[in-house]
Amino acid sequence: MRLPHGLSFAIGTLSVFPVRVERVDREVAGRAMTLAPVVGLALGLVAGLPLLLPGPPLLGAALAVGLLAVLSRGLHLDGLADLADGLGSGKPAAQALDIMKKSDIGPFGVMTLVLTLVVQVAAAAGAGYTALVTACVAGRLALTWACRAGVPAARPDGLGAMVAGTVRRPVSLLVTLAALLGTAAVSLGLAGETVLPLGLVTGLGAALLLLGHARRRLGGITGDVLGALVEAATATTLAVCAILG
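Residues numbered from 1 in each chain as written. Predicted model: local features only at pLDDT ≥ 70, side-chain atom pairs only at ≥ 80, totals over all residues. Heavy atoms only, no water.

A. Spatial organisation of the overall build of the protein. Looking only at helices and strands, the protein features 12 helices and zero strands. Counting from the amino terminus, helix and strand elements in the protein follow one another as α-α-α-α-α-α-α-α-α-α-α-α. A globule of 245 residues ought to have a C-alpha radius of gyration of about 18 Å, and the protein, at 17 Å, matches this closely. The C-alpha extent of the protein, read off along each of the three principal axes, is 50 × 40 × 30 Å. The buried share among the 245 residues of the protein stands at 47%. Taking contacts inside the protein between residues at least 6 apart in sequence as the whole, the part at least 24 apart equals 72%. When the accessible surface of the protein is summed, it comes to about 11000 Å², and 69% of that surface belongs to carbon and sulfur atoms. (Helix = DSSP H or I, 4+ residues; strand = E, 2+ residues; numbered from the N terminus. Rg over C-alpha atoms; globule rule 2.2 N^0.38 Å. Buried < 20%, exposed > 50% of the residue type's maximum accessible area, 1.4 Å probe, protein only. Contact = heavy atoms within 4.5 Å. Areas by Shrake-Rupley, 256 points an atom, 1.4 Å probe, with all protein chains shown as cover.)

Encoded structure:
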């Protein structure tokens, strides 16, 4: 079955799910980043399955977070580590971007990866399946906002340049509203809890704070920045759901 170009680009870029990407341009990229939360929903539904298995919750959470990394090719974690090394270096933008392009990982990247994964596993163990699904949606919703009009690319090439500024601002608001309504509907089915929408909003807020810092330091977004935003929003959403759930 042939999928719409934007959806196939979103799936092919953000997951390991096999799709045929037939067209790649900025128009398609904008549609893909608009549909990114839908891919996040699919990833969460699959990756969260270990949390439903009998056994220690911590083991299920570790398997779920590991499966999520596999399903996303580890690209977002790699971006998180690269951004941490670039920002942690304290170098000017051009030099920090050069550090981020290197294939190795430095001490800032290692520390950030370890802390983020520990938070995600511990929070997922306490928050459960629906929180992980919500966190996956929040992480990809951060991409929609990072690619909205007015946010520049830090480099003239690469994924960041392809997707930067491709999502119209009203569209990002509509996608966010749809995500909030979806999480609110799920929450109503869970004894009226409101933690899922709150977790989504807080996760997105954390990602936007990181985006603002990256823009000030680097001048815009790169593929690594986008990956870091996904992981930041995911971890924050899980943490909020675990603490308040």
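B. Representation of the environment of H5. Position of H5 among the secondary structure elements: in helix 1 (residues 5-14). Judged by relative accessible area, which is 27%, H5 ranks as partly exposed. Spatially, the C-alpha atom of H5 lies 21 Å from that of D157, the residues being 152 residues apart in sequence. The contacts of H5, once residues within four sequence positions are left out, are E22, R23 and V28.

C. Representation of unusual backbone geometry in the model. Of note in this structure, R73 is not a glycine but carries a positive phi near 65°. Taking the relative accessible area as the measure of exposure, R73 reaches 43% and is therefore partly exposed.

D. Structural detail: the packing of helix 8 (residues 129-146) against helix 10 (residues 169-188). Direction vectors running N to C along helix 8 and helix 10 enclose 175°, while the axes themselves pass 10 Å from each other. With respect to each other, helix 8 and helix 10 are oriented roughly antiparallel. Counted together, T130, T134, V137, L141, T144 and W145 of helix 8 and S172, L173, V175, T176, A179, T183 and V186 of helix 10 form the full contact between these two elements. For the contact of helix 8 with helix 10, the per-class residue count stands at seven nonpolar, six polar and no charged. (Axes fitted to C-alpha atoms, helices over the stretch in contact; angles between N-to-C directions. Parallel < 35°, antiparallel > 145°, perpendicular 65-115°, else oblique. Nonpolar A, V, L, I, M, F, W, Y, C, P; charged D, E, K, R; others polar.)

E. Just the nonpolar core, in detail. Core analysis: the largest hydrophobic core is formed by 67 residues, its most contacted members being L218, I221, V225, L226 and L229. With 11 residues, the single largest contributor to this core is helix 8. Apart from residues no more than four positions distant in its own chain, L226 is found in contact with L143, A146, C147, L159, V163 and I221. (Core = buried A, V, L, I, M, F, W, Y, C linked by side-chain atoms within 4.5 Å.)

F. Up close: the pattern of salt bridges. With the rule as written, the count across this model stands at four salt bridges. In this structure, D25 engages R23 in a salt bridge whose closest nitrogen and oxygen atoms are separated by 2.7 Å. Classification of D25 by relative accessible area gives partly exposed; the value is 25%. Owing to a relative accessible area of 27%, R23 belongs among the partly exposed residues under this scheme. (Salt bridge = Lys/Arg side-chain N within 4 Å of Asp/Glu carboxyl O.)

G. Local environment of helix 4 (residues 57-71). Here helix 4 spans 21 Å end to end across 15 residues, near enough to the 21 Å set by a 1.5 Å rise per residue. If you check which residues of helix 4 are buried, you get G60, A61, A64, V65, L68 and L71. Considered in projection along helix 4, the buried side chains sweep an arc of 130° and stay on one side of the axis. For helix 4, exposure combined with an orientation more than 90 degrees from the buried face picks out L58 and V70. Next to the buried residues of helix 4 lie helix 1, helix 3 (36-47), helix 7 (107-127) and helix 8. Once helix 4 finishes, R73 follows within two positions and takes phi at roughly 65°, a positive value. (Expected span 1.5 Å × (residues − 1). Arc of directions from axis to C-beta.)

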